[in-house]
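One-letter residues, chain by chain:
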Protein chains: 2
Amino acid sequence: MAICFLSPVKPISISPLVHNKNPPVFRCNFSLPTITTEPKPVFTSVRSFAPATVANLGPGFDFLGCAVDGLGDFVSVTVDSSVHPGEISISDISGTHASKKLSKNPLWNCAGIAAIATMKMLNIRSVGLSLILEKGLPLGSGLGSSAASAAAAAVAVNEIFGGKLEAKDLVLAGLESEAKVSGYHADNIAPAIMGGFVLIRSYDPLELMSLKFPEGKDLFFVLVSPDFEAPTKKMRAALPAEIGMPHHVWNCSQAGALVASVLQGDLVGLGQALSSDKIVEPKRAPLIPGMEEVKKAAIRAGAFGCTISGAGPTAVAVIDDEERGKEIGESMVEAFWKEGNLKAVAMVKRLDRVGARLVGSVPTR
Amino acid sequence: MAICFLSPVKPISISPLVHNKNPPVFRCNFSLPTITTEPKPVFTSVRSFAPATVANLGPGFDFLGCAVDGLGDFVSVTVDSSVHPGEISISDISGTHASKKLSKNPLWNCAGIAAIATMKMLNIRSVGLSLILEKGLPLGSGLGSSAASAAAAAVAVNEIFGGKLEAKDLVLAGLESEAKVSGYHADNIAPAIMGGFVLIRSYDPLELMSLKFPEGKDLFFVLVSPDFEAPTKKMRAALPAEIGMPHHVWNCSQAGALVASVLQGDLVGLGQALSSDKIVEPKRAPLIPGMEEVKKAAIRAGAFGCTISGAGPTAVAVIDDEERGKEIGESMVEAFWKEGNLKAVAMVKRLDRVGARLVGSVPTR
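A quick note: this is a predicted structure, and the numbers were derived from the prediction, not measured.

**Here we look at the UniProt feature "domain: GHMP kinase C-terminal" (unreviewed entry) in chain A**
In the numbering used here, UniProt assigns the feature "domain: GHMP kinase C-terminal" (unreviewed entry) to residues 260-335 of chain A. Across residues 260-335 of chain A, helical content stands at 54% and strand content at 12%; the span's end C-alpha atoms are separated by 31 Å.

In structure tokens form, the structure reads like this:
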């Protein structure tokens, strides 16, 4: 009985993947669905991966996000007779970005909360699980760190019991976690689970639109994270309470242009829309030292567009070529250093079209 | 030499149609382009048609519009040696909706202003033109009446000189007219010229995105115009100056969903987005007697969505079937009568995918 833990790049299709079961639009009632017949585990152990996500995307503030490949969190879940049936225990938190800030109490841990919510939806009462969280994402970076943990956990728990739940249910499970950790927003958790670009259309009922970026077109994100803790409260407080009609119309039209550019695979248009926010970015950028110059440096270096990822401090630029992406990243790192006096790290990552997925499993005997 | 004036439904492709020359995204500088070599007329006379348009489209307020087939204005333009070279004279205004409010002075007439702007762009100095405007659209109905006249005139003038200008130039010519008549907004004139759905991305420079509703899918508009003059100033004054962040995010997300639904041909999603405006429609609907009940009646009768067309008073609903559209129209007319004490007329019209076009011509000898 070999345990195969693969890289997240090529998921094993042991069971139909969660995100492939659904049409582009998900409509569901906002109450936790339950499966009346308790499913049995089909694996002894599974390992899942969930990608980093870029939320907000300029004029897509609070309703649009997308997933980034090759960067994210892993969760391993094992059937564990030493854990009380129907409960979950976090046995370890490891990985590059394991932190003391992360609680092993499942009620206070993103992965734990999402795992419990998923177990409840599945109506699990007879089996206990233990969970290992491997943090590949830094906390508070603006790359959907909490959502990645929650998404990986929800998918792992669902898959160990045969994948009975659909993507929309897993998003709801993840939202329980996000609500406790960073606010009731699905713009990270939905793309972390579903992959690609996801538009949050409404919360009550939860309606999600999967926006398909055309196959065969390359889209790279240049992610530049400075060594700076974005003051979350300040970032939220910086948002204007009221918006003038001209700015509202402008941002709405740019949001529409962004959506159209994604669906049409128009990278120039996408970048232009990404850069066009007149409401949120102008208030938040000054709170991240150097950000305004970093954006200019990205555009000068050839990026199609640049904005703040999530609530920052990571800056995100878009480009269609990996090598050019690296050059853009260098310019952005330099600008963070020169203008913001901040060290920064650049990565160039492809759009993730898959979302959270199983990357390893041990079948039951 | 036969003069052939056809119906607008099947345009003659005498010269390549203006709207087919361009890619989906138009980017141009906002200055009137001129053609340095004055073109000669290739026709003695032409007749053009430009469709009605529905602007705003709920959350698409001030940046999104679409064209409606089989309803609009005609313009005939003739080379006229009795008119001073480089100038235009309006010889007649006819049609169902000819009105004394329409001036024959070309400087004060939508068609005249757009015709002059087009002549200037073409650098016409040696030929004088006379123009006949046939008003198929009522004034102040919320169906882009002024834009239809301007679009038909711009296309007619361009085509009589061999169609040298592109759609974006004609939109700029039409904008000169719109600016004088109803404000500097391209959400009627752009779809009137280009057909289909058009997103106004920016004005400086003018950038337009053509949003293609998939071929082979039917989209009908139920247009119900009550016998009521919408108080234009009041309609504009009703708009909120400031918008709270939650409503801004909501409308932005709905605008994104509307754009995605158009591109994906998702009529249910399109209707849902159309109905979802929380900012403009709630302020304007109460100013049109019965409008709120008309919307409810449309939805009850099976419409996918309903809102105010332009600044009203026409109500617009969407459906995928002409017969069902007629039933919906009857329900809406009834609601205008019962709830608003207003007589109303219903029409069911297809999406116009073509825009302003030549419908007849007399070649030069």
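Now that the structure is up, let's keep going.
**Some thoughts on the sheet that holds strand β13 (residues 344-350) of chain B**
All names here are of chain B. The 4 strands are arranged β11-β12-β9-β13 in an open sheet whose pairing can be described as antiparallel. The open sheet is flanked by β11 (305-308) and β13, the only strands paired with a single partner. Each neighbouring strand pair of the sheet contributes to a mean axis angle of 20°, computed without reference to strand direction. Where β11 meets strand β12 (residues 315-319), 4 bridges bridge the pair, whose relative direction is antiparallel. For Thr-307, the partnering residue across the bridge sits in β12 and is Val-316. Across the face of the sheet, helix α9 (residues 291-300) comes into contact with β11 and β12 while running at roughly 160° to β11. Against the sheet, helix α10 (residues 322-340) engages β9 (220-226), β11, β12 and β13, with an angle of about 20° to β9.

**Focus: the packing of helix α1 (residues 110-122) of chain A against helix α2 (residues 145-160) of chain A**
Residues and elements named next belong to chain A. Viewed as axis vectors pointing N to C, α1 and α2 meet at an angle of 35°, and their least axial separation amounts to 7 Å. Every pair of crossing elements has a handedness; the one defined by α1 and α2 is right-handed. For the pair α1 and α2, the contacting residues are Cys-110, Ala-111, Ala-114, Ala-115, Thr-118, Met-119 and Leu-122 in the first and Ser-146, Ser-149, Ala-150, Ala-153, Ala-154, Val-157 and Asn-158 in the second. Residue composition of the contact of α1 with α2, by class: 10 nonpolar, 4 polar and no charged.

**Observations concerning the relation of the copies chain A and chain B**
Once chain A is rotated about the relating axis by 180° and shifted along it by 0.0 Å, it coincides with chain B to within an RMSD of 0.0 Å. Taken together, these values place the two copies in the relation of a two-fold axis. Same-surface contact between copies: 100% of interface residues of chain A are shared with the interface of chain B.

**Quick word on the environment of Leu-139 of chain B**
All names here are of chain B. Relative to the helices and strands, Leu-139 is located in the loop between β6 (129-134) and α2 (145-160). Exposure remark for Leu-139: the relative accessible area of 34% places this residue in the partly exposed category. Through-space distance from the C-alpha of Leu-139 to that of Ala-151 is 15 Å; in sequence the pair is 12 residues apart. Setting aside its immediate chain neighbours within four residues, Leu-139 contacts Ser-99, Lys-101, Leu-102 and Ser-145.

**Examining the UniProt feature "domain: GHMP kinase N-terminal" (unreviewed entry) in chain A**
The UniProt record annotates "domain: GHMP kinase N-terminal" (unreviewed entry) at residues 120-196 of chain A. Helix makes up 52% of residues 120-196 of chain A and strand 8%, with an end-to-end C-alpha separation of 27 Å.

**Digging into the domain arrangement of chain A**
Residues and elements named next belong to chain A. Structurally, chain A comprises domain 1 (43-211) and domain 2 (220-350). Using C-alpha coordinates to define each centre, domain 1 is positioned 25 Å away from domain 2. On the domain 2 side, the residues contacting the 27 residues of domain 1 number 32 residues. A per-residue breakdown of the area domain 1 buries against domain 2 is headed by Pro-59, Phe-61 and Leu-211, which together make up 26% of the total. Where domain 1 touches domain 2, the interface holds 1 salt bridge. Among the ionic pairs, Arg-236 bridges to Asp-62, the shortest N-O distance being 3.3 Å. The interface formed by domain 1 and domain 2 holds 8 residue pairs in polar contact (both at pLDDT 80 or more) in total.

**A word on a negative patch on the surface**
Residues and elements named next belong to chain A. A surface patch of like charges, here negative, comprises Asp-321, Glu-322, Glu-327 and Glu-330. Tracing the backbone shows Glu-330 in helix α10 (residues 322-340). When its relative accessible area of 56% is taken as the criterion, Glu-330 is described as exposed.

**Describing the packing of aromatic side chains**
Enumeration according to the criterion identifies 4 aromatic pairs over all chains in this entry. With centroids separated by 5.5 Å and ring planes inclined at 50°, the aromatic side chains of Tyr-184 of chain A and Tyr-203 of chain A adopt a geometry described as tilted. With Tyr-184 of chain A in the loop between α3 (167-181) and α4 (189-194) and Tyr-203 of chain A in strand β7 (residues 197-203), this residue pair connects regions lying 19 residues apart in the sequence. Here Tyr-184 of chain A falls in the partly exposed class, since its relative accessible area comes to 32%. Among the residues examined, Tyr-203 of chain A registers a relative accessible area of 22% and is labelled partly exposed. The interplanar angle of 55° and the centroid separation of 5.1 Å between the aromatic rings of Phe-49 of chain B and Phe-74 of chain B together place this pair among those described as tilted. Of this pair, Phe-49 of chain B sits in strand β3 (residues 43-55) while Phe-74 of chain B is found in strand β4 (residues 64-79), placing the two residues 25 residues apart along the sequence. No difference in accessibility class separates Phe-49 of chain B from Phe-74 of chain B, as the two residues are buried. The ring of Trp-250 of chain A is capped by Lys-278 of chain A, whose NZ or CZ atom sits 4.2 Å from the centre of that ring.

**Overview of the interface of chain A and chain B**
Across the contact, 43 residues belong to chain A and 43 residues belong to chain B. Summed over both sides, the interface of chain A with chain B buries roughly 3,100 Å², with 61% coming from carbon and sulfur. Here chain A is connected to chain B by 0 salt bridges. Among the secondary structure elements, those contributing two or more residues to the side of chain A that touches chain B are β2 (25-28), β7, β8 (206-211), β10 (242-244), α6 (245-264) and α7 (267-274) of chain A. Counting residues per element, the side of chain A that touches chain B draws most heavily on α6 of chain A, which supplies 16 residues. A breakdown of the residues in the side of chain A that touches chain B according to their chemical character gives 25 nonpolar, 12 polar and 6 charged. Here 3 bridges tie β10 of chain A to strand β10 (residues 242-244) of chain B, and the two strands are oriented antiparallel to one another. Following the sheet pairing, Ile-243 of chain A is matched in β10 of chain B by Ile-243 of chain B.

**A look at α1 of chain A**
Residues and elements named next belong to chain A. For α1, built from 13 residues, the straight-helix expectation of 18 Å at 1.5 Å per residue is met to within 8% by its first-to-last C-alpha distance of 18 Å. Most of α1 sits out of view: 11 of its 13 residues are buried. Of all the residues in α1, the buried ones are Cys-110, Ala-111, Gly-112, Ile-113, Ala-114, Ala-115, Ala-117, Thr-118, Met-119, Met-121 and Leu-122. Contacts made by the buried residues of α1 are with β4 (64-79), β5 (88-94), β6 (129-134), α2 and α3. For α1, the N-terminal cap is Asn-109; the gap from its side-chain oxygen to the backbone nitrogen of Ala-111 is 2.8 Å.

**Things to note about the side chain of Glu-281 of chain B**
Residues and elements named next belong to chain B. Topologically, Glu-281 is positioned in helix α8 (residues 281-284). A residue is classified by how much of its surface remains accessible, and Glu-281, at 11% relative accessible area, is buried. Each residue touching Glu-281, except ones within four places of it in the same chain, is listed here: Leu-274, Pro-286, Lys-295, Cys-306, Thr-307 and Ile-308.

**Quick notes on unusual backbone geometry**
With an omega dihedral of 5°, the bond running from Asp-204 of chain A to Pro-205 of chain A counts as a cis peptide bond. Within the secondary structure layout, Pro-205 of chain A lies in the loop between β7 and β8. Looking along the chain, the bond that leaves Gly-312 of chain A and enters Pro-313 of chain A is cis, with omega of 5°. Tracing the chain through its elements places Pro-313 of chain A in the loop between β11 (305-308) and β12 (315-319). Although it is not a glycine, Asn-341 of chain A adopts a positive phi angle of roughly 55°. In this fold, Asn-341 of chain A is placed in the loop between α10 and β13 (344-350). We note that Asn-56 of chain B has phi near 75°; this positive angle belongs to a residue other than glycine. Structurally, Asn-56 of chain B is set in the loop between β3 and β4.

Reading guide: rules and limits
- Residues numbered from 1 in each chain as written.
- Chains lettered and ligands numbered in written order.
- Predicted model: local features only at pLDDT ≥ 70, side-chain atom pairs only at ≥ 80, totals over all residues.
- Heavy atoms only, no water.
- UniProt positions renumbered as here; feature names shortened; annotations may be inferred.
- Helix = DSSP H or I, 4+ residues; strand = E, 2+ residues; numbered from the N terminus.
- Pairing = 2+ DSSP bridges.
- Axes fitted to C-alpha atoms, helices over the stretch in contact; angles between N-to-C directions.
- Contact = heavy atoms within 4.5 Å.
- Left-handed = near helix turned anticlockwise from the far one by under 90°.
- Nonpolar A, V, L, I, M, F, W, Y, C, P; charged D, E, K, R; others polar.
- Least-squares fit on C-alpha atoms with pLDDT ≥ 70 in both.
- Buried < 20%, exposed > 50% of the residue type's maximum accessible area, 1.4 Å probe, protein only.
- Domains from an automatic or database assignment.
- Buried area = accessible area lost by both parts, 1.4 Å probe.
- Salt bridge = Lys/Arg side-chain N within 4 Å of Asp/Glu carboxyl O.
- Polar contact = N/O pair within 3.5 Å; in protein donor to acceptor, adjacent residues only side chain to side chain.
- Patch = residues over 30% accessible without salt bridge, like charges linked within 9 Å, V, L, I, M, F, W, Y side chains within 5 Å.
- Areas by Shrake-Rupley, 256 points an atom, 1.4 Å probe, with all protein chains shown as cover.
- Lys, Arg positive; Asp, Glu negative; His and termini not counted.
- Charge placed at Lys NZ, Arg CZ, Asp CG, Glu CD.
- Phe/Tyr/Trp six-rings, centres within 6.5 Å; stacked < 30°, edge-to-face > 60°.
- Lys NZ or Arg CZ within 6 Å of the ring centre and 35° of its normal.
- Expected span 1.5 Å × (residues − 1).

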